[in-house]
Amino acid sequence: MNRDNQDILETIVANKRLEVAQQKEAMTLDMLLNMSEQRFDMPTVPMRRSLENSKSGIIAEFKRRSPSKGWLFPDAKVEDIVPVYERGGASACSILTDSEFFGGSFGDLKRARQLVKLPLLRKDFIIDEYQVFQARALGADAVLLIAACLTEEECRHLSLIARQIDLEVLLEIHTEEELSYLNDDVSMVGINNRNLGTFNTDVANSYNLIDRLKAEAGSDFLLVSESGISSAEDIRRLRQAGFRGFLLGEAFMKTPDPGETLALMIQQLAIE
């Protein structure tokens, strides 16, 4: 990855560090925990189990924009899309909470939790344990940890914190070198087909890494293919290769009716 491409990810992470510092200043961790005590007593919805038991394994994503494509659906509302994802057959839902680069908000996740019983994944650039507690307080059932944003030690620590508060971890990797980030507190491993430096996608990355991932991880982790998936045929082939979860965002959010697009894809999956 060249220096200019790496700067994209570094810019996002640098901005996230500033955001988290400001959030901690506005509300300390103790304040967050005290205000969210009732939420922490509520059970979470197992995401891995939902994917294992699903015929589609689709994790439908709610996001308004991306750094690579710009605005996809700037006026998208959680109440118009996420419940339709659930009715259409999604196995889980991913909610972007990054505002600066993805147009998301904490309110999106809170609202989704009020509206659906699906497992909810908080998708963000998580670099601090504060964000893990925050995810639980907002109603998430799982958090995304991105290997490219963390050291191995940070990943282990955040994974442990997540498990202790009943959040599942989807660990995202992009290269063979990041297999070393696997740890016992991770329940799902996602191979990101999007290069986080260039933001280009290539589903071939999932096929390139799965054999090594299976050899390294065995059956301990449920495997998820992320980004660049655009058709039922993509999902069929990835499932045959061993994946059980499929994260799709732009394929739905760039259409006028994301929930209907999802439902049509699941119908196509049912046609062998």
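Residues numbered from 1 in each chain as written. Predicted model: local features only at pLDDT ≥ 70, side-chain atom pairs only at ≥ 80, totals over all residues. Heavy atoms only, no water.

Asks: Describe in detail the packing of helix 7 (residues 129–138) against helix 8 (residues 152–164), supporting the description with residues and values.
Replies: Between helix 7 and helix 8, the least distance of the axes is 9 Å, while the angle of their chain directions is 25°. One element, helix 7, and the other, helix 8, form an angle in the roughly parallel class. Where helix 7 crosses over helix 8, the two elements pack in a sense that is right-handed. Along the contact surface, helix 7 presents Glu-129, Val-132 and Phe-133, while helix 8 presents His-157, Leu-158, Ile-161 and Ala-162. Its residues placed into classes, the contact of helix 7 with helix 8 shows five nonpolar, one polar and one charged. (Axes fitted to C-alpha atoms, helices over the stretch in contact; angles between N-to-C directions. Helix = DSSP H or I, 4+ residues; strand = E, 2+ residues; numbered from the N terminus. Parallel < 35°, antiparallel > 145°, perpendicular 65-115°, else oblique. Left-handed = near helix turned anticlockwise from the far one by under 90°. Contact = heavy atoms within 4.5 Å. Nonpolar A, V, L, I, M, F, W, Y, C, P; charged D, E, K, R; others polar.)

Asks: Describe in detail the sheet that holds strand 5 (residues 120–123), supporting the description with residues and values.
Replies: With parallel pairing, eight strands are arranged side by side around a closed barrel as 1-4-5-6-7-8-9-10. Shown here is a sheet whose adjacent strand axes are inclined to one another by a mean of 25°, direction ignored. Taken together, the five bridges between strand 6 (residues 142–146) and strand 7 (residues 168–173) define a ladder with parallel strand orientation. Bridging across to strand 7, Ile-146 finds its partner in Glu-172. Lying over the sheet, helix 8 contacts strand 6 and strand 7, oriented at roughly 180° with respect to strand 6. Taken strand by strand, helix 10 (residues 232–241) contacts strand 1 (58–62), strand 9 (222–226) and strand 10 (245–248), and its axis lies near 150° from that of strand 10. (Pairing = 2+ DSSP bridges.)

Asks: Any details on the nonpolar core? Residues and values, ideally.
Replies: The biggest cluster of nonpolar side chains holds 88 residues, and the ones touching the most others in it are Ile-58, Tyr-85, Leu-171 and Leu-248. Top element by residues in this core is helix 7. It accounts for six residues. Apart from residues no more than four positions distant in its own chain, Leu-248 is found in contact with Ile-58, Ile-59, Ala-60, Glu-61, Ile-229, Ile-235 and Met-265. (Core = buried A, V, L, I, M, F, W, Y, C linked by side-chain atoms within 4.5 Å. Buried < 20%, exposed > 50% of the residue type's maximum accessible area, 1.4 Å probe, protein only.)

Asks: Can you lay out the packing of aromatic side chains for me, pointing to particular residues and giving the numbers?
Replies: The full count for this structure, using the stated rule, is two aromatic pairs. Taking 5.9 Å as the distance between ring centres and 55° as the angle between the ring planes, the aromatic pair formed by Tyr-85 and Phe-252 counts as tilted. Of this pair, Tyr-85 sits in helix 5 (residues 78–88) while Phe-252 sits in helix 11 (residues 250–253), and the two are 167 residues apart along the sequence. For Tyr-85, a relative accessible area of 0% translates into the label buried. (Phe/Tyr/Trp six-rings, centres within 6.5 Å; stacked < 30°, edge-to-face > 60°.)

Asks: Which residues make up the side chain of Thr-255, and what are the values?
Replies: Assignment of secondary structure puts Thr-255 in the loop between helix 11 and helix 12 (258–270). Here Thr-255 falls in the buried class, since its relative accessible area comes to 19%. In terms of polar contacts, Thr-255 uses its side chain to reach the backbone carbonyl oxygen of Phe-252, at 2.6 Å. Aside from chain neighbours lying at most four places away, what touches Thr-255 is Phe-73 and Thr-261. (Polar contact = N/O pair within 3.5 Å; in protein donor to acceptor, adjacent residues only side chain to side chain.)

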